[in-house]
Amino acid sequence: SLDWFVVGSGPTGLLSVAKVLESSGAVGWIEKGDFITMGRLGERYSSVPANTRNDRLVGAFRALPLLEFDLHNCALAKEPLMATSQLGLSVDFLRRSSSVLRRKHVDKLYCRERTKLISLSRRMSQNDSWKAILENGEEIISERVILATGAQPRG
């Protein structure tokens, strides 16, 4: 059984995984596409200007030590701090951080990419844990769940 199960590998999924890895045991993390894409942010919005100042983004990234934010090797940190930049600068850093997390924390991090979540249910009779069923039939049991899948436009 896992302590946490995170669905989605965009910025919210990545930051959630980094935060829970700091203080938890095992964490499951799945993404329907590739981890390196960074969700829709990386797919569609890298060339869009951010609406958050660079100093706030840098502060948020530095607040999570597992992301290994390096002021000297991050293009975002070299931009004017009181300005905004292209989202692609944040995406580049987040992609690197995702790779680092998945490589350095294999003992606590159970990852599956190109895998869809088929169902998620609360197991009331068994310590209120959660049961996730993946498209390959695999079952994952966890104490807590974070759905970091973003919002889909509805037509």
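Residues numbered from 1 in each chain as written. Predicted model: local features only at pLDDT ≥ 70, side-chain atom pairs only at ≥ 80, totals over all residues. Heavy atoms only, no water.

Draft legend 1. Highlighting the overall build of the chain. Looking only at helices and strands, the chain features 4 helices and 6 strands. Counted from the first residue to the last, the chain has its helices and strands arranged as β-α-β-α-α-α-β-β-β-β. Compactness check: the chain gives a C-alpha radius of gyration of 16 Å against a globular reference of 15 Å for 155 residues, within 12% of the reference. Projecting the C-alpha coordinates of the chain onto the three principal axes gives extents of approximately 55 × 40 × 25 Å. Relative to its 155 residues, the chain shows a buried fraction of 38%. For the chain, restricting intrachain contacts to residue pairs at least 6 apart in sequence, the fraction spanning at least 24 positions comes to 64%. When the accessible surface of the chain is split by element, carbon and sulfur atoms take 51% of a total near 8600 Å². (Helix = DSSP H or I, 4+ residues; strand = E, 2+ residues; numbered from the N terminus. Rg over C-alpha atoms; globule rule 2.2 N^0.38 Å. Buried < 20%, exposed > 50% of the residue type's maximum accessible area, 1.4 Å probe, protein only. Contact = heavy atoms within 4.5 Å. Areas by Shrake-Rupley, 256 points an atom, 1.4 Å probe, with all protein chains shown as cover.)

Draft legend 2. Looking closely at the side chain of Ser90. Looking at where Ser90 falls in the secondary structure, it is placed in helix H4 (residues 87–104). You can call Ser90 buried: its relative accessible area is 5%. Sequence-distant contacts of Ser90, that is, excluding residues within four places in its chain, are made with Leu57, Phe61 and Leu76.

Draft legend 3. Inspection of the packing of helix H1 (residues 11–23) against H4 at higher detail. At a closest axis distance of 11 Å, the pairing of H1 and H4 adopts a crossing angle of 40 degrees. Taken as axis vectors, H1 and H4 run oblique relative to one another. Handedness of the crossing formed by H1 with H4: left-handed. On H4, the residues touching Pro11, Leu14, Leu15, Val17, Ala18 and Leu21 of H1 are Leu94, Ser97, Ser98 and Leu101. (Axes fitted to C-alpha atoms, helices over the stretch in contact; angles between N-to-C directions. Parallel < 35°, antiparallel > 145°, perpendicular 65-115°, else oblique. Left-handed = near helix turned anticlockwise from the far one by under 90°.)

Draft legend 4. Just the pattern of salt bridges, in detail. Applying the stated criterion across every chain yields a total of 8 salt bridges. Lys19 serves as the salt-bridge partner of Glu22, at 3.6 Å between the closest nitrogen and oxygen. Note that Glu22 and Lys19 are positioned in helix H1 at a spacing of 3 residues, about one turn of the helix. The class for Glu22 is partly exposed, based on a relative accessible area of 35%. Taking the shortest distance from any N to any O, the salt bridge between Asp128 and Arg122 comes out at 3.9 Å. In this structure Asp128 comes out as partly exposed when scored by relative accessible area, which is 33%. (Salt bridge = Lys/Arg side-chain N within 4 Å of Asp/Glu carboxyl O.)

Draft legend 5. Highlighting the sheet that holds strand E2 (residues 27–31). If you walk across this open sheet you meet the 6 strands as E3-E2-E1-E6-E5-E4, and the pairing is mixed. Of all the strands in the sheet, just strand E3 (109–113) and strand E4 (117–123) have a single pairing partner and so form its edges. Between one strand and the next, the sheet's axes are offset by a mean angle of 35 degrees, whatever the strand orientation. Relative to strand E5 (residues 129–134), E4 runs antiparallel, the two sharing 6 bridges. (Pairing = 2+ DSSP bridges.)

Draft legend 6. Representation of the nonpolar core within the structure. Residues Val17, Val27, Phe61 and Leu67 are the most contacted members of the largest nonpolar core, which totals 30 residues. Those elements that provide at least two residues to this core are strand E1 (2–7), H1, E2, helix H3 (54–62) and H4. Once residues lying within four places of it in the same chain are set aside, the contact partners of Phe61 are Leu67, Phe69, Leu76, Ser90, Phe93 and Leu94. Within the second largest apolar cluster, 7 residues are counted, among which are Leu2, Phe5, Ala132 and Leu134. (Core = buried A, V, L, I, M, F, W, Y, C linked by side-chain atoms within 4.5 Å.)

Draft legend 7. Region of the structure containing H3. Among the residues of H3, Asn54, Leu57, Val58 and Phe61 are the ones counted as buried. The buried residues of H3 occupy an angular sector of 100 degrees when the element is viewed end-on, so they sit on one face. Where the residues of H3 are buried, they touch H4. (Arc of directions from axis to C-beta.)

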